[in-house]
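Here are the chains, one letter per residue:
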Amino acid sequence: IESVAGVFEGQEICQTNFTVAPLQYTTQLTLPGMENNLGIGNRLKLLDEDIHKNIRKIQLKNGLAPSEKMDSMDFTVEMETGTGKTYVYLRSIFEMNRLYGFTKFIIVVPSIAIKEGVYKSLQITVDHFRELYENVSFDYFVYDNSRKGNLSDVRNFATSPDIQVMVINIDAFRKSFSDPEKENKANIIHRSHDRMTGAKPIEYIQETNPIVIVDEPQSVDTTSKSKEAIRSLNPLCTLRYSATHVDKHHMLYKLDSVDAYEQKLVKQIEVAGVEV
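Criteria and thresholds
Residues numbered from 1 in each chain as written. Predicted model: local features only at pLDDT ≥ 70, side-chain atom pairs only at ≥ 80, totals over all residues. Heavy atoms only, no water. Buried < 20%, exposed > 50% of the residue type's maximum accessible area, 1.4 Å probe, protein only. Helix = DSSP H or I, 4+ residues; strand = E, 2+ residues; numbered from the N terminus. Arc of directions from axis to C-beta. Expected span 1.5 Å × (residues − 1). Contact = heavy atoms within 4.5 Å. Pairing = 2+ DSSP bridges. Phe/Tyr/Trp six-rings, centres within 6.5 Å; stacked < 30°, edge-to-face > 60°. Lys NZ or Arg CZ within 6 Å of the ring centre and 35° of its normal.

Enquirer: Which parts of the structure should I look at to understand helix 8 (residues 224-231)?
Expert: An α-helical segment advances 3.6 residues per turn. Residues three or four places apart therefore align on the same side. Within helix 8, the full set of buried residues consists of Ser-226, Ala-229 and Ile-230. One face of helix 8 carries all of its buried residues, which in axial projection span an arc of 95°. Exposed side of helix 8, more than 90 degrees from the buried face: Ser-224 and Arg-231 are the residues found there.

Shown next as structure tokens:
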């Protein structure tokens with residue numbers, strides 16, 4: 001948690017404001033009755049060299065090879081299965097909000113089963129996190145591609161000043177379209193809607209510049225389409241959590257199987273030999 005939060009050391013608490021109907025950035029005062037048309041997004045004020053300096057400091061502290069250059073805002077956390085990575089990234093959300101004021105977070109998962117698991121984790125930790133973080137106000141929801149009711153959730157995600165956590169599986173936004181005649185084949189998130197003043201839900205999400213957390217990236221962004229889909233969220237940064245990473249970006253923390261056993265976080269497995 002400290003390693004992830006340390007990436008943004010030196011960042012002051014600030015946010016981006018934009019009007020959501022029509023979508024555009026604004027520095028104007030909001031008129032009475034238009035509060036719900038004001039979108040709130042994450043805003044990063046640090047320069048690339050500041051972040052590079054921070055991640056090298058974290059990597060050296062954690063005994064990892066320091067990144068030679070700052071080529072992306074993709075970060076990797078390696079944690080052995082069963083050591084509580086869901087709790088760790090959920091708590092990291094609240095820590096980043098406390099320190100830097102970030103409010104928009106999207107958790108991308110590979111399957112409906114993991115999506116439900118993350119949702120359950122959020123449900124059972126609500127009181128715990130409110131107790132830890134001075135009764136902070138936050139909302140969370142599961143994006144379901146088959147429910148048009150999610151459109152109001154997406155709008156609230158963009159306009160609420162509170163911490164917003166969206167849980168979505170990769171299949172719900174991987175299918176985009178470039179041919180208007182094939183629009184019905186795209187995910188709902190990529191289609192224009194009257195209920196959203198003619199905008200696409202993805203456009204509301206993009207304006208918030210969310211911090212994207214990828215759970216089990218080896219099962220999420222394995223194809224060029226999936227990678228493109230994650231980029232389409234316009235993330236401020238991408239944090240990847242897994243025990244078995246295929247692509248290792250800027251590594252921030254590593255808790256492998258040996259470390260996990262020595263810290264008594266998992267039980268030892270002994271394999272019995274078989275002889276004929």
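Additional details are given in the paragraphs that follow.
Enquirer: Quick question: what am I supposed to make of helix 2 (residues 48-61) here?
Expert: End to end, helix 2 covers 20 Å across 14 residues, agreeing with the expected 20 Å (1.5 Å per residue, within 8%). Every buried residue of helix 2 is listed here: Ile-51, His-52, Asn-54, Ile-55, Ile-58 and Gln-59. Down the axis of helix 2, the buried side of the element spans an arc of 165°, and every buried residue falls inside it. Of the exposed residues in helix 2, those oriented more than 90 degrees away from the buried face are Glu-49, Lys-53, Lys-57, Leu-60 and Lys-61. For helix 2, the secondary structure elements touched by its buried residues are helix 1 (2-5), strand 4 (74-79) and strand 10 (250-255). Gly-63 sits one or two positions beyond helix 2 and adopts a positive phi of about 70°.

Enquirer: What is the right way to look at the pairing of strand 3 (residues 38-42) in this model?
Expert: Most of strand 3 sits out of view: 5 of its 5 residues are buried. Across 5 bridges, strand 1 (residues 15-20) lies against strand 3 in antiparallel orientation. Within strand 3, the residue paired with Asn-17 across the bridge is Ile-40.

Enquirer: I tried to follow the packing of aromatic side chains on my own but got confused; where do I start?
Expert: The way to describe two aromatic rings as a pair is by their centre distance and the angle between their planes. Here the structure, examined in full by the defined rule, presents 11 aromatic pairs. Residues Tyr-87 and Phe-129 carry aromatic rings whose centres are separated by 5.7 Å and whose planes lie at 15° to one another, so their mutual orientation is stacked. Of this pair, Tyr-87 sits in helix 3 (residues 85-100) while Phe-129 sits in helix 4 (residues 112-132), and the two are 42 residues apart along the sequence. Residue classification places Tyr-87 among the partly exposed residues on the basis of a relative accessible area of 31%. Site record: aromatic cluster; members linked through ring pairs are Tyr-87, Phe-94, Tyr-119, Phe-129, Tyr-133, Phe-138 and Tyr-140. Looking at Lys-104, its charged tip hangs above the ring of Phe-157, at a distance of 5.8 Å from the centre.

Worth remembering: the numbers are spatial, not functional.
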